[in-house]
Amino acid sequence: MTFAVAIDGPAGAGKSTIAKRVAKKLNAIYVDTGAMYRAMALFLIRNSVDGSDEEAVSNMIEQAEVSIRFENGEQLVMLNGENVNGFIRTEEVGNMASACSVYPKVRMKLLDLQRDLARKNNVVMDGRDIGTHVLPDANPKIFLTASAKVRAKRRYDELVAKGETPDLFRIEKDIIERDQRDMYREIAPLKQAEDAILVDSSALTIEEVEEKIVALVRETM
Ligand code: DC
């Protein structure tokens, strides 16, 4: 029997940082589903596809094969055999991922891969629709959130640490837009599952959030 922990929430809530740490504590693998959507988005950008053109997106992704590999516990996202981890963390790719993830063809292509991973491994999986759609039997389900202001500031600090000169106002605007698109799309929108536990990380440190979630997982198990 395998177990699955689902961590859903909006962009910048700290899902990946937390999910990675929780997975390590539980000896499970961390599956970052956002990275899969980002790999699809990168493929579309590289092929100059307009993200608002559903038909063009749906046709083009037939040529994209996304898979993942694990190396020293780290998830590598493979796009047609190429490790694209180094190319998917930009704002441009994030925005395209949000735009193209509204299309059924894009979601269907990744759903099987995600379910298959959870069937074969103990997983901590993060995304937008893991508790509601991908793994409805995951236990526990966490909905991790924080205010848009706090999330924008975290993203801003990350980019500054990378030597970039970002615009905080623009980042907050993008985050709010992305939330809207993720929450109001027709298929598998971002929403707290009925049986998910809400964790607001606005005023908590990473360690505090991790502790809280690991405690919730232990209680459930
Ligand atoms: O978590 P992230 O920022 O890497 O995700 C990028 C985009 O991918 C996000 O804005 C919406 C989409 N996504 C999704 O629709 N479903 C998921 N399970 C994960 C991500």
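Residues numbered from 1 in each chain as written. Predicted model: local features only at pLDDT ≥ 70, side-chain atom pairs only at ≥ 80, totals over all residues. Heavy atoms only, no water.

Chemist: Is there a simple way to explain the site of the ligand in this structure?
Modeler: Not every one of the 16 residues close to the ligand is listed here, only the nearest: Arg38, Arg107, Arg128, Asp129 and Arg185. Between Arg107 and the ligand, the recorded distance is 2.8 Å, taken from a side-chain N or O atom to an oxygen atom. One nitrogen or oxygen atom from the side chain of Arg128 is found 2.9 Å from an oxygen atom belonging to the ligand. For the ligand, the accessible surface in isolation is 450 Å², of which the surrounding protein chains cover 95%. Among the elements that take part in the shell around the ligand, helix α2 (residues 33-46) stands out by supplying four residues, more than any other. Residues belonging to the shell around the ligand are distributed by class as follows: three nonpolar, five polar and eight charged. (Near = heavy atom within 4 Å. Polar contact = N/O pair within 3.5 Å; in protein donor to acceptor, adjacent residues only side chain to side chain. Areas by Shrake-Rupley, 256 points an atom, 1.4 Å probe, with all protein chains shown as cover. Helix = DSSP H or I, 4+ residues; strand = E, 2+ residues; numbered from the N terminus. Nonpolar A, V, L, I, M, F, W, Y, C, P; charged D, E, K, R; others polar.)

Chemist: Would you explain the sheet that holds strand β7 (residues 141-145) in this entry?
Modeler: Consider a sheet: its strands pair through backbone hydrogen bonds, and that pairing is either parallel or antiparallel. Strands sit in the order β2-β6-β1-β7-β8 across an open sheet of five strands; the sheet is parallel. Among the strands making up the open sheet, the edge pair consists of β2 (29-32) and β8 (197-200). Adjacent strand axes in the sheet meet at a mean angle of 20 degrees when their direction is disregarded. Bridging between β7 and β8 involves four bridges; their strand directions are parallel. Of the residues in β8, the one forming a bridge with Ile142 is Ile197. Sheet strands in contact with helix α1 (residues 15-26) are β1 (4-8), β2, β6 (123-127) and β7, and its direction is about 175 degrees off that of β6. (Pairing = 2+ DSSP bridges. Axes fitted to C-alpha atoms, helices over the stretch in contact; angles between N-to-C directions. Contact = heavy atoms within 4.5 Å.)

Chemist: For this particular structure, what's the right way to read unusual backbone geometry?
Modeler: Outside of glycine, negative phi angles account for most residues, and trans bonds account for most peptide bonds. A cis amide bond links Asn139 to the next residue, Pro140, at an omega of 5 degrees. Tracing the backbone shows Pro140 in the loop between α6 (130-134) and β7. You will see that Asn27, though not glycine, has its phi angle at about 60 degrees, which is positive. Within the secondary structure, Asn27 is located in the loop between α1 and β2. Looking at Asn27, the relative accessible area reads 69%, which means it is exposed. (Buried < 20%, exposed > 50% of the residue type's maximum accessible area, 1.4 Å probe, protein only.)

Chemist: Even after reading the chapter, I still don't get the packing of helix α4 (residues 91-100) against helix α8 (residues 168-184), so can you show me in this structure?
Modeler: A packed helix pair is summarised by two numbers, namely the angle formed by the two axes and the spacing between the axes. At a closest axis distance of 9 Å, the pairing of α4 and α8 adopts a crossing angle of 20 degrees. If you check the angle between α4 and α8, you find them roughly parallel. When the axes of α4 and α8 are compared, the crossing they make is left-handed. Packed against α4, whose contacting residues are Glu91, Gly94, Asn95, Ser98 and Ala99, the element α8 presents Asp174, Arg178, Arg181 and Asp182 at the interface. The residue inventory of the contact of α4 with α8, partitioned by class, reads one nonpolar, three polar and five charged. (Parallel < 35°, antiparallel > 145°, perpendicular 65-115°, else oblique. Left-handed = near helix turned anticlockwise from the far one by under 90°.)

Chemist: What's the story with the nonpolar core in this structure? I'm lost.
Modeler: Among soluble globular proteins, nonpolar side chains are generally buried collectively. Membership of the largest hydrophobic core comes to 40 residues, with the highest contact counts inside it found for Val66 and Leu135. Apart from the residues within four sequence positions on either side, Val66 is in contact with Met36, Ala39, Met40, Val77, Met78, Leu79, Leu110 and Leu113. (Core = buried A, V, L, I, M, F, W, Y, C linked by side-chain atoms within 4.5 Å.)

Chemist: Can you help me understand the pairing of β1 in this one?
Modeler: Side chains on a regular strand alternate between the two faces of the sheet. The buried count for β1 comes to five of five residues, which makes it a mostly enclosed element. The side-chain alternation of β1 yields two buried faces, one formed by Ala4, Ala6 and Asp8 and the other by Val5 and Ile7. Looking at chain direction, β1 and β6 are connected through five bridges and run parallel. Note that in β6 the partner of Ala6 across the bridge is Met125. Here β1 pairs with β7 via three bridges, running parallel. By the bridge assignment, Ile7 is partnered in β7 with Ile142.

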